[in-house]
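Chain by chain, the residues:
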Amino acid sequence: MIGFDGIKKTDKEYYIMEILNTVLGGSVSSRLFQEVREKKGLAYSIYSNSVFHKTDGYLSIYAGVANDKFNTAKNVILDIVNIYLSSAFFNYSFDNFAALSNNFSDFVG
């Protein structure tokens, strides 16, 4: 499991973080599932989870991997996360996502 500091439930970026969680690891169509499990065969299970509390929150990524694939899987996961953290994904406010939806595949991959 890998964890990252998140945001509290009342932060204005709440919905953006929920969308990020869905894109990263919310389903079998997610970036983590497709890259780590389907394309590279590094994990038998992988997903992300966002948790929001009154004063803080976190984003976690769970991956069920064999010991001999751990380092490779970890590096691929962190590379994917860094792509989203350094991308234009966070330059959009929630209001912009309706207009962005036509080009959402730019972020999903």
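First things first, this report covers the structure right here in the doc. Since we're looking at a predicted model, the values are computed, not measured. (Residues numbered from 1 in each chain as written. Predicted model: local features only at pLDDT ≥ 70, side-chain atom pairs only at ≥ 80, totals over all residues. Heavy atoms only, no water.)

Moving on, we come to the sheet that holds strand β2 (residues 45–52). The strand order across the open sheet formed by three strands is β1-β3-β2, and the pairing between neighbours is antiparallel. Only two strands of the sheet have a single partner each, and these edge strands are β1 (2–5) and β2. Strand-to-strand twist in this sheet, taken as the mean axis angle between neighbours without regard to direction, amounts to 15°. Two strands pair when backbone bridges link them, and β1 and strand β3 (residues 57–64) are joined in this way by four bridges, in the antiparallel orientation. Across the sheet, D5 pairs through a bridge with Y58, a residue of β3. Packing against the sheet, helix α1 (residues 14–25) makes contact with β2 and β3, and its axis sits at approximately 170° to β2. Running over the sheet, helix α3 (residues 70–85) touches β1, β2 and β3 and is turned about 25° from β1. (Pairing = 2+ DSSP bridges. Helix = DSSP H or I, 4+ residues; strand = E, 2+ residues; numbered from the N terminus. Axes fitted to C-alpha atoms, helices over the stretch in contact; angles between N-to-C directions. Contact = heavy atoms within 4.5 Å.)

L24, L32, V36, I46, I77 and I80 are the most contacted members of the largest nonpolar core, which has 23 residues in total. When contributions to this core are tallied by element, the ones reaching two or more residues are α1, α2 (31–39), β2, β3 and α3. Here this core gets six residues from one element, more than from any other, and that element is α3. With residues near it in sequence (within four places) discarded, L24 still touches S30, R31, L32, F33, S48, L59, I80 and Y84. (Core = buried A, V, L, I, M, F, W, Y, C linked by side-chain atoms within 4.5 Å. Buried < 20%, exposed > 50% of the residue type's maximum accessible area, 1.4 Å probe, protein only.)

What follows concerns α3. Counted at 1.5 Å a residue, the expected span for α3 with its 16 residues is 22 Å, and the 22 Å between its end C-alpha atoms agrees. For α3, the full list of buried residues reads A73, V76, I77, I80, V81 and Y84. The buried residues of α3 occupy an angular sector of 130° when the element is viewed end-on, so they sit on one face. (Expected span 1.5 Å × (residues − 1). Arc of directions from axis to C-beta.)

Bringing α1 into the picture now. Counted at 1.5 Å a residue, the expected span for α1 with its twelve residues is 16 Å, and the 17 Å between its end C-alpha atoms agrees. Within α1, burial applies to Y14, I16, M17, L20, N21, V23, L24 and G25.

Note on aromatic pairs: each is described by the distance of the centres and the angle between the planes. Applying the stated criterion across every chain, the model contains three aromatic pairs. Ring geometry for Y14 and Y15: centres 4.9 Å apart, planes at 80°, overall edge-to-face. Residue Y15 is classed as partly exposed on the basis of its relative accessible area of 47%. Taken together through their ring pairs, the aromatic side chains of Y14, Y15 and F52 make up a single cluster. (Phe/Tyr/Trp six-rings, centres within 6.5 Å; stacked < 30°, edge-to-face > 60°.)

Attention shifts here to the side chain of S48. With respect to the helices, strands and loops of the structure, S48 is situated in strand β2. On the basis of relative accessibility, which here comes to 7%, the residue S48 falls in the buried class. Within the structure, the side chain of S48 is placed 2.6 Å from the side chain of N21, a separation counted as a polar contact. The contacts of S48, once residues within four sequence positions are left out, are N21, L24, G25, G26, L32, L59, S60 and I61. (Polar contact = N/O pair within 3.5 Å; in protein donor to acceptor, adjacent residues only side chain to side chain.)

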